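Residue-level structure breakdown
Listed here are the chains, written in short residue letters.
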Amino acid sequence: MSDKDIRESVRQRYGQAALKVVGGQAPCCGPAGDAVDPITINLYDDAQKAQLPAEAVRASLGCGNPTALACLNPGETVLDLGSGGGIDVLLSARRVGPAGKAYGLDMTDEMLALARENQRKAGIENAEFLKGEMEQIPSPTARSTW
């Protein structure tokens, strides 16, 4: 299987996961809102989840919680690669405050639409979701890559 085929397979799977979340279902594991994977069940504490739309929490596919480890300060800029439904971007945007900025990068149109809707629902203005692939990150301020 070529890299292009693998990438397209991932794109389709994550697109389907986003559509499930929009439809009120869990993206992959059990009924809506019920995480059944013991490794990923408690990645985000209740205080973090309370700050976000339910769809942002449901769209988290359980890879980790970088916001639990990152030392983010007001005014900083954050980039989340493979941002999905936006949970880490939205949490980071709150931590860096209005003087900072949080970017999310995703290659899936459906996840980007979900993330932007989650951003709107959360009322977060210092976040931006970019379409692209990790190998060629689009710059939000220029027509080049980082």
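All figures in this text were calculated on a predicted structure; none of them were measured in a lab.

A few words now on the packing of helix α1 (residues 3–22) against helix α5 (residues 109–122). If you want to describe how two helices pack, look at the angle between their axes and the distance between the axes. Two numbers describe how α1 lies on α5: the axes approach to 7 Å, and their chain directions differ by 35°. α5 is crossed by α1, and the crossing has left-handed handedness. Two secondary-structure elements touch here, α1 through Y14, G15, A17, A18, L19, V21 and V22 and α5 through E110, M111 and L114. Considering only residue class, the contact of α1 with α5 consists of eight nonpolar, one polar and one charged.

Attention now moves to the sheet that holds strand β2 (residues 101–106). Ordered in space as β1-β2-β3, the three strands form an open sheet in which the pairing is parallel. At either end of the open sheet lies a strand with only one pairing partner, and these are β1 (77–81) and β3 (127–131). Averaged over all neighbouring strand pairs, the angle between strand axes comes to 20°, with direction disregarded. Across five bridges, the pairing between β1 and β2 is parallel. Across the sheet, the residue bridging to D80 is G104, located in β2. Helix α4 (residues 87–96) contacts β1, β2 and β3 of the sheet and is inclined by roughly 165° relative to β2. Contacts from α5 reach β2 and β3 within the one sheet, and its direction differs from that of β3 by about 170°.

Here we come to the environment of G15. Tracing the backbone shows G15 in helix α1. Judged by relative accessible area, which is 3%, G15 ranks as buried. Along the backbone, G15 and E110 are 95 residues apart, and their C-alpha atoms lie at a distance of 5.1 Å. Setting aside residues up to four positions removed in sequence, G15 forms contacts with T108 and E110.

With 81% of its residues at a pLDDT of at least 70, the chain reaches an overall mean of 80. The least confident element of the chain, judged by mean pLDDT, is helix α3 (residues 54–58) at 75; the most confident is β3 at 96. Scored below 50 in pLDDT, residues 30–35 shows 10 contacts in the model against residues more than four places distant or in partner chains.

As for its position among the elements, Q119 is in helix α5. As for Q119 and G86, which are separated by 33 residues in sequence, their C-alpha atoms are 7.6 Å apart. Apart from the residues lying within four places of it in its own chain, the contact partners of Q119 are L90, I124, E125, A127 and F129. A polar atom in the side chain of Q119 sits 3.0 Å from the backbone oxygen of I124.

Let us now look at the pairing of β2. Burial runs high along β2: five of the six residues are buried. Read as a crossover between parallel neighbours, the route from β1 over α4 to β2 is right-handed. By the bridge criterion, five bridges tie β2 to β3 in an arrangement that is parallel. The residue of β3 that forms the bridge with Y103 is E128. In this fold, the crossover linking β2 to β3 by way of α5 has right-handed handedness.

Rules of the game
- Residues numbered from 1 in each chain as written.
- Predicted model: local features only at pLDDT ≥ 70, side-chain atom pairs only at ≥ 80, totals over all residues.
- Heavy atoms only, no water.
- Axes fitted to C-alpha atoms, helices over the stretch in contact; angles between N-to-C directions.
- Helix = DSSP H or I, 4+ residues; strand = E, 2+ residues; numbered from the N terminus.
- Left-handed = near helix turned anticlockwise from the far one by under 90°.
- Contact = heavy atoms within 4.5 Å.
- Nonpolar A, V, L, I, M, F, W, Y, C, P; charged D, E, K, R; others polar.
- Pairing = 2+ DSSP bridges.
- Buried < 20%, exposed > 50% of the residue type's maximum accessible area, 1.4 Å probe, protein only.
- pLDDT = per-residue confidence, 0-100.
- Polar contact = N/O pair within 3.5 Å; in protein donor to acceptor, adjacent residues only side chain to side chain.
- Right-handed = clockwise from strand over helix to strand, strands pointing away.

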